[in-house]
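What follows is the residue order along each chain.
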Amino acid sequence: MFLAAGAEGAAVHGRGGGGEHRRKAEAGEGRAGPERASLDMRYLRCAPLLPAPWRSPRPRGSAIGPTARKSVPYEKTLQEEGSGSRGPSRPPPRTAEVVVVGGGSLGCQTTYHLAKQGVSSVVLLERDRLTSGTTWHTAGLLWQLRPSDVEVELLAHTRDVVSRELPAETGLHTGWVQNGGLFIASNKQRLDEYKRLMSLGKVYGVESYVLTPSETKDLYPLMNIKDLYGTLYVPKDGTMDPAGTCSTLARAAAARGATVRADDFGVRRVYAVETAHGTIQTPCVVNCAGVWASVLGRLAGVHVPLVGMHHAYVVTERIEGIQNMPNVRDHDASVYLRLQGDALSVGGYESNPIFWEEVSEKFAFGLFDLDWDVFMKHIEGAINRVPVLEKTGIKSTVCGPESFTADHKPLMGEAPEVRGFFLGCGFNSAGMMLGGGCGRELAHWIIHGRPEKDMYGYDIRRFHHSLTNNNRWIRERSHESYAKNYSVVFPHDEPLAGRNVRKDPLHEELLRQGCVFQERHGWERPGWFSPRGTAPVLDYDYYGAYGRERHRDYTYNRLLGDEYTFDFPPHHDVIKTECLTCRNALALFDMSYFGKFYLVGPEATKAANWLFTADVSKAPGSTVYTCMLNQRGGVESDLTVSRISPGAPASPLAPAFEGDGYYLAIGGAVAQHNWSHITAVLQDMKLQCKLLDCSEELGMMSIQGPLSRVVLQEVLDTDLSNEAFPFSTHKLVTAAGCTVRAMRLSFVGELGWELHVPRADCVKVYQAVMQAGARHGIANAGYRAIDSLSIEKGYRHWHADLRPDDTPLEAGLAFTCKLKSNIPFLGREAVEAQKAKGIFRRLVCFTTEEKVPMFGLEAVWRNGEVVGFIRRADFGFAIDKTIAYGYIRDPAGGPVSLDFVRSGSYELERMGVPYPAQAHTRSPFDPDNQRVKGIY
């Protein structure tokens, strides 16, 4: 363990030097060359200003650069320690297993957890002193409840580290104060959201209570309750001191020592870190540089999609009677009130934040001047909530830089551009509260190749590579995420920023027919079809900030507003019509946004056998539904794999290749994640095969329903009978004079085919299918219908029913695993070990007789005990019931057998209200799979 405070220069090198790459990186020329990645903090430059119109005009009164240092409301900061020395604490070692760059919350937490998990040779590089960037001025709040089960677990670990682990290890106080948290609801929708959080909290043992306005007044006498609908009180929330926490983390990490293997990081990997005081050879660097992370990444050819913004709070003078009050989060007023001894810190999120256009390399323990025109919104909200503030003075203002991301979630994991270059940045001013949990997971990621929990929502690979260097998309989405940070999290909300970046070939055709689009990682995909006309997505208006005029009569935004409910939306019946048309006649689904890859080459079959759980090495013409696993047996993906024969050079439908070939169809929202997973496996195994991406060159239409064979027989030049075209097979056929790949598959549980079509032919084929189906009642349908139809049939959705911490056995997908063969595959040993030991958690289907909307996170009760929570829920229109899927455990700790599932009495708790539920061990709709066989 090595703490290099004051190591002002640091560089990461790949094999073969790196000076030329540094020149290119400095000039903004992008990726490093083969087998080389270099980064040198001595070459840091200010990020260039974005060209108009993406650069917002700077509001009056904002600072061009940091002001003189100001005091923040902590007893001490690490700024005060070691002020006499700017050099390293001691010369850096020649080698290290891991080098962490950045001594803030995430850098210190990651270093601590690496040491705790057995990595003895860890170097933490900080160019100034610990916490000097953004951590030192953070408010340090910790709220235990968030609308994500993963985040609830991460927050719980942070709380455990600062309140119990570190004091026990070091005998030092981290500055943890447990004064409780109070969430304010000024309307029913907000209180409904809090009730959802309360139900989820019961699964994880987080104590919380919904209070009436009068009960809230009893708890917080200084509060105005005239406009309150209710509150959520969490007694064990609290605050952390950044200096106390980070210095204690550093001391605890330095006291630990152990040895662990160094991972092999592939063909393009980190080789060394260069500082102004020496070079450290290492296979792994962790970028925890906060606002500076994008600059650091760019110099190594790694895109880090975040932006810097001014983020502020003020500290009041003494307030009589405020002592020991809980921290307050008034989401509807976009303000928080943090107890600060006998005063309050007041801050929040505004719609017109100030971008930090020129990120300064020398910025340390600095602050900006507060722009009162921007901040007054928070003052007004705070005075409304605690009226005594109107007569209370302000002791100090704190306005510092913070990093924000496109979806308001951190950037973590191994960068797809350079193996061994990990990210732990972009924490959206929540680095203190998420730092413990994320530091632990990042350490596990580095040591074992994957996190212990499901971290896909934080994984940098969740963003398609075309987005991570798209300044317009990053800036727009980061602004909207900042502005909506305190908005109610509704299940079907969609962004208005960063839209129309990736359009499929049917986009304009479907738009004219009333398509209401969803955005998934840059793609515009059909959500549902409005009978009231077109609803185009317009250019982002920044919610009227920065002098922009807000859109008026914005149809798409109005339709989104209809979704702002935890009840059934007004267009519930429209989605019902799409679903029942598919069940009773036929529907066409545009699925062009799917990822479409080819795995080809002399060792493609060897790669496929290892990558995929099912036996896909069948004859050309076969299609297999399968999973990909990680080493621990968790599901990294589910997809279809089709064996193909060689075709013509540069053909998007059938490329030329030598050896074997496989066509992979993967959900578009996770295509980049899949690409990175497969690429890493191929690199590690050094196999002679290639992965080709044809996602943009091919469209994809799915025609499903009892009449699909009748209609498609008029369009396709091939026999579609069961004998000639069995389920799970594919052929190259002609449709409307165009060559297409037809696959007999279904993701909704009906007779149907997918047509994979060259981009230029998509409109022609689509129109031919719709014309042939017109007299049979064909209709367009979107992904909202797919969600309902698929859950009704029991088909899994990856990252809802399936996540990297779920195994095929737990998810009911044992049939996808070739365990009866002797063919090894990635994760097989873990699956076999679990099968022998027993399944201790199981995915179960539930239905309720009462027609009440559910969306996920509802608590599952069995015989009066909480045994899990719902991962995904929707309404099944064919069976006319709410359907929900969730993993359950035995409170006694035993295996969860089918008999255990059947023998229980269940309730699903929605917003604090229990609803009787029936558990199913088979799909409640067509359990014998007759319909996909064409048997109706």
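Our structure's up above, just so we're on the same page.
Residues numbered from 1 in each chain as written. Predicted model: local features only at pLDDT ≥ 70, side-chain atom pairs only at ≥ 80, totals over all residues. Heavy atoms only, no water.

### A short note on the side chain of Thr 245
One can find Thr 245 in helix α6 (residues 242-254). Looking at Thr 245, the relative accessible area reads 2%, which means it is buried. Only 3.3 Å separates the side chain of Thr 245 from the backbone oxygen of Thr 174, close enough to count as a polar contact. Apart from the residues lying within four places of it in its own chain, the contact partners of Thr 245 are Gln 109, Val 162, Leu 166, Thr 174, Met 240 and Met 432. (Helix = DSSP H or I, 4+ residues; strand = E, 2+ residues; numbered from the N terminus. Buried < 20%, exposed > 50% of the residue type's maximum accessible area, 1.4 Å probe, protein only. Polar contact = N/O pair within 3.5 Å; in protein donor to acceptor, adjacent residues only side chain to side chain. Contact = heavy atoms within 4.5 Å.)

### A few points about the side chain of Thr 275
By the secondary structure assignment, Thr 275 is in strand β11 (residues 272-275). Here His 277 takes part through its backbone nitrogen, which lies 2.9 Å from a polar atom of the side chain of Thr 275.

### Considerations on the packing of helix α16 (residues 708-715) against helix α17 (residues 762-773)
For the pair α16 and α17, interaxial distance at closest approach is 9 Å and the crossing angle is 125°. In terms of orientation, α16 and α17 fall into the oblique class. Note that α16 runs across α17; the crossing there is right-handed. For the pair α16 and α17, the contacting residues are Val 711, Leu 712, Glu 714 and Val 715 in the first and Ala 768, Val 769, Ala 772 and Gly 773 in the second. Its residues assigned to classes, the contact of α16 with α17 comprises 6 nonpolar, 1 polar and 1 charged. (Axes fitted to C-alpha atoms, helices over the stretch in contact; angles between N-to-C directions. Parallel < 35°, antiparallel > 145°, perpendicular 65-115°, else oblique. Left-handed = near helix turned anticlockwise from the far one by under 90°. Nonpolar A, V, L, I, M, F, W, Y, C, P; charged D, E, K, R; others polar.)

### Thoughts on the sheet that holds strand β31 (residues 730-735)
Pairing is mixed in the open sheet, where 6 strands are placed in the order β31-β32-β33-β30-β24-β34. The sheet terminates laterally at β31 and β34 (779-781), the two strands that pair on one side only. Taken over all neighbouring pairs, the strand axes of this sheet differ in orientation by 30° on average, direction set aside. In this sheet, strand β33 (residues 752-758) lies alongside strand β30 (residues 698-704) in antiparallel orientation, the contact comprising 7 bridges. Paired with Met 701 across the bridge in β33 is Leu 755. Seen against the sheet, α16 touches β30, β31 and β33 and runs at an angle of roughly 35° to β33. (Pairing = 2+ DSSP bridges.)

### As for a nonpolar patch on the surface
A grouping of Trp 372, Met 376 and Ile 394 is seen on the molecular surface, where their side chains present a nonpolar patch of about 250 Å² in accessible area. In this fold, Trp 372 is placed in helix α8 (residues 372-385). (Patch = residues over 30% accessible without salt bridge, like charges linked within 9 Å, V, L, I, M, F, W, Y side chains within 5 Å. Areas by Shrake-Rupley, 256 points an atom, 1.4 Å probe, with all protein chains shown as cover. Salt bridge = Lys/Arg side-chain N within 4 Å of Asp/Glu carboxyl O.)

### Quick look at helix α13 (residues 572-584)
Taking 1.5 Å of rise per residue, the 13 residues of α13 would be expected to cover 18 Å, and the 18 Å separating its terminal C-alpha atoms lies within 8% of that figure. Turning to α13, its buried residues number three or more, namely His 572, Ile 575, Glu 578, Cys 579, Thr 581, Cys 582 and Arg 583. Buried residues belonging to α13 abut β23 (523-529), β24 (587-590), β30, β34, α18 (783-793) and β37 (865-876). (Expected span 1.5 Å × (residues − 1).)

### Looking at the environment of Trp 523
Relative to the assigned elements, Trp 523 resides in strand β23. Between the alpha carbons of Trp 523 and Arg 502 there is a distance of 4.6 Å; along the sequence they are 21 residues apart. Trp 523 has contacts with Arg 502, Lys 503, Asp 504, Gln 518, Ser 592, Tyr 593, Ser 695 and Glu 696, leaving out every residue within four places of it along the chain.

### Looking at unusual backbone geometry
Phi is mostly negative for residues that are not glycine, and the peptide bonds are mostly trans. For His 408, which is not a glycine, the phi torsion comes out positive at approximately 60°. Turning to its location among the elements, His 408 is positioned in the loop between β18 (394-405) and β19 (411-414). A positive phi angle, close to 65°, is found at Ala 650, a residue other than glycine. Along the chain, the position of Ala 650 falls in the loop between β27 (635-644) and β28 (660-666).

### Quick look at the pattern of salt bridges
A full pass over the atoms with the stated rule returns 51 salt bridges. A salt bridge links Glu 508 to Lys 503, with the nearest nitrogen and oxygen atoms 3.8 Å apart. Given a relative accessible area of 40%, Glu 508 falls into the partly exposed group. A residue is classified by how much of its surface remains accessible, and Lys 503, at 31% relative accessible area, is partly exposed. In this structure, Asp 805 engages Arg 803 in a salt bridge whose closest nitrogen and oxygen atoms are separated by 3.6 Å. Owing to a relative accessible area of 7%, Arg 803 belongs among the buried residues under this scheme. One network of salt bridges, with partners in common, ties together Lys 116, Asp 160, Arg 164 and Glu 165.

### Quick word on the sheet that holds strand β9 (residues 230-234)
Ordered in space as β8-β9-β7-β15-β16-β17-β14-β18, the 8 strands form an open sheet in which the pairing is mixed. One side of each edge strand has no neighbouring strand; the edge strands of this open sheet are β8 (209-211) and β18. Neighbour-to-neighbour, the strand axes of this sheet turn through a mean angle of 20°, independent of strand direction. Inspection of the sheet shows β8 paired to β9 by 3 bridges, in the antiparallel sense. Along β9, the bridge assignment pairs Val 210 with Leu 232. Against the sheet, helix α4 (residues 188-203) engages β7 (181-185), β8, β9 and β15 (327-330), with an angle of about 145° to β7.

### A few points about the packing of aromatic side chains
Taken as a whole, this structure holds 28 aromatic pairs when the rule is applied. With centroids separated by 5.7 Å and ring planes inclined at 70°, the aromatic side chains of Tyr 542 and Tyr 546 adopt a geometry described as edge-to-face. The class of Tyr 542 is buried, set by a relative accessible area of 1%. Residues Phe 568 and Phe 875 carry aromatic rings whose centres are separated by 5.6 Å and whose planes lie at 80° to one another, so their mutual orientation is edge-to-face. Placement of the pair is Phe 568 in the loop between α12 (555-562) and α13 and Phe 875 in strand β37, with a sequence separation of 307 residues. What links up through ring pairs into an aromatic cluster is the set Phe 355, Tyr 540, Tyr 542, Tyr 543 and Tyr 546. The residue whose ring lies beneath Arg 475 is Phe 355, and the NZ or CZ to ring-centre distance is 3.8 Å. When the ring centre of Tyr 887 is taken as origin, the NZ or CZ atom of Arg 841, which lies over that ring, is 4.4 Å away. (Phe/Tyr/Trp six-rings, centres within 6.5 Å; stacked < 30°, edge-to-face > 60°. Lys NZ or Arg CZ within 6 Å of the ring centre and 35° of its normal.)

Shape descriptors only; they carry no functional weight alone.
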